[in-house]
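Geometric and topological summary
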Amino acid sequence: MELLIILYLAVVGLVFGSFFNVVGLRVPLKQSIVRPRSSCPNCKHMLTSKELIPVVSYIIQGGKCRSCKAPISPIYPIMEFVTGFLFAITPLIIGWSNELLIAYSLISLLVIITVSDLAYMIIPDKVLLFFAALFLILHIYPGGLHIIDSLLGALVGFGILLLIALISNGGMGGGDIKLFAVLGLILGVKLIILTLFFSALYGALLGSLFIVIGVAKKKQPIPFGPYIALATLTAYFFGERIVNWYFGVLL
Ligand SMILES: [Zn+2]
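Rules used in this analysis
- Residues numbered from 1 in each chain as written.
- Predicted model: local features only at pLDDT ≥ 70, side-chain atom pairs only at ≥ 80, totals over all residues.
- Heavy atoms only, no water.
- Patch = residues over 30% accessible without salt bridge, like charges linked within 9 Å, V, L, I, M, F, W, Y side chains within 5 Å.
- Areas by Shrake-Rupley, 256 points an atom, 1.4 Å probe, with all protein chains shown as cover.
- Salt bridge = Lys/Arg side-chain N within 4 Å of Asp/Glu carboxyl O.
- Helix = DSSP H or I, 4+ residues; strand = E, 2+ residues; numbered from the N terminus.
- Donors = N, O, S within 2.8 Å, 3.2 Å for Na, K, Ca; no water.
- Tetrahedral: all angles 85-135°; square planar, octahedral: opposite > 155°, others 65-115°.
- Buried < 20%, exposed > 50% of the residue type's maximum accessible area, 1.4 Å probe, protein only.
- Contact = heavy atoms within 4.5 Å.
- 1 Å grid on protein atoms, 1.4 Å probe; cavity = no way out; pocket = protein on both sides within 12 Å on 5 of 7 lines; lining within 4 Å.
- Points joined across faces, edges and corners; volume = space filled by probe spheres on them.
- Nonpolar A, V, L, I, M, F, W, Y, C, P; charged D, E, K, R; others polar.

Attention now goes to a nonpolar patch on the surface. Where nonpolar side chains cluster on the molecular surface, the patch consists of M1, L3, L4, I5, L7 and W96 and spans about 700 Å² of accessible area. For L7, the location among the structural elements is in helix α1 (residues 2-26).

The next thing to look at is the coordination of the zinc ion. Within the first shell, the zinc ion binds the protein through C40 (SG), C43 (SG), C65 (SG) and C68 (SG), at distances of 2.3 Å. The coordination sphere of the zinc ion comprises 4 donor atoms, whose angles at the metal cover 104 to 114°; the geometry is tetrahedral. Mapped onto the sequence, the donors of the zinc ion take the spacing C-x2-C-x21-C-x2-C. Of the two residues, C40 sits in the loop between α1 and α2 (56-60) while C65 sits in the loop between α2 and α3 (75-94), which places them 25 residues apart along the sequence. Given a relative accessible area of 6%, C40 falls into the buried group. C65 sits in the buried class, given a relative accessible area of 4%.

With that out of the way, let us pick up the side chain of N21. Mapping N21 onto the fold places it in helix α1. Given the relative accessible area of 4%, N21 is considered buried. What N21 contacts, discounting residues up to four positions off in sequence, is Y76, M79, E80 and V115.

Under the definition given, this model contains 3 salt bridges. The salt bridge partner of D125 is K178, with a shortest N-O separation of 2.7 Å. Remark: K178 occurs in helix α7 (residues 174-212) and D125 occurs in helix α5 (residues 125-137); sequence separation between them is 53 residues. Taking relative accessible area as the criterion, D125 reaches 42% and is therefore assigned partly exposed. With a relative accessible area of 35%, K178 lands in the partly exposed category. Linking E240 and K190 is a salt bridge whose minimum nitrogen-to-oxygen distance equals 3.2 Å. Here the residue E240 occupies a position in helix α8 (residues 225-250), and K190 occupies one in helix α7, the gap between them amounting to 50 residues.

Put simply, the largest pocket is a space of about 1,000 Å³. In terms of lining, the largest pocket is formed by 36 residues, of which the most central are V22, S38, S39, L47 and L52. The element that contributes the greatest number of residues to the lining of the largest pocket is α1, accounting for 7 residues. Here the lining of the largest pocket is composed, by residue class, of 22 nonpolar, 9 polar and 5 charged. Approximately 790 Å³ is the volume found for the second largest pocket. What lines the second largest pocket is a set of 29 residues, and nearest its centre among them are T114, L118, F210, P226 and Y227. For the lining of the second largest pocket, the secondary structure elements donating two or more residues are α3, α4 (99-120), α7 and α8. Classifying every residue of the lining of the second largest pocket by side-chain character gives 22 nonpolar, 4 polar and 3 charged.

Given below as structure tokens:
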């Protein structure tokens with residue numbers, strides 16, 4: 001029975017992932033997220049329902065537009081798959097609790113900002129505001145953070161990032177600073193600091209890996225959002241265990 005529910009959540013995640021792609025791509029361009037239907041950016045061919053099946057359509061069409069054969073970015077099926085995967089594994093990590101609603105909201109934010117940061121190097125204010133409001137409303141829901149820890153988390157996230165931006169002289173984008181404030185609302189003080197640590201770690205490790213394998217070039221500006229998203233998931237899902245382990249080794 002549990003397996004069936006998890007499969008169902010994976011499918012729901014795939015569909016949501018497809019919608020998050022649309023949100024991440026259209027909001028920075030100030031386009032409506034409901035219409036028109038998605039079309040090929042190259043030939044403007046309007047996608048039929050057959051071409052809109054998450055992941056599956058991309059594989060069947062061999063990663064190309066059915067009409068003009070222009071290649072489609074693999075980012076979209078990847079983000080659909082990632083969303084489906086995250087929706088499916090979340091209850092296995094945090095259990096079947098009230099917290100799931102918060103976790104799914106957080107995953108939604110992370111997928112959307114990853115798409116827009118990869119596509120345009122922008123983390124849209126509209127998306128951040130929407131989720132900030134949602135995260136605040138979710139406090140009336142039992143099982144989440146205490147409101148004080150939440151507000152302090154936002155303040156600490158914003159403060160540290162602002163400090164880094166000032167010291168590094170523009171090395172950190174305004175979108176990243178605001179994103180950390182919003183993430184602080186869900187993570188609280190301890191986990192937002194951990195997220196900062198993992199963002200720097202992933203940025204350094206994966207950033208150099210991408211340069212070595214030729215995916216990215218040196219001195220080319222890189223979107224930092226995807227690293228922050230990965231770091232947030234690490235802190236959110238495993239942060240308590242990591243902190244306990246660390247202090248267990250230390251003391
Ligand atoms: Zn086309």
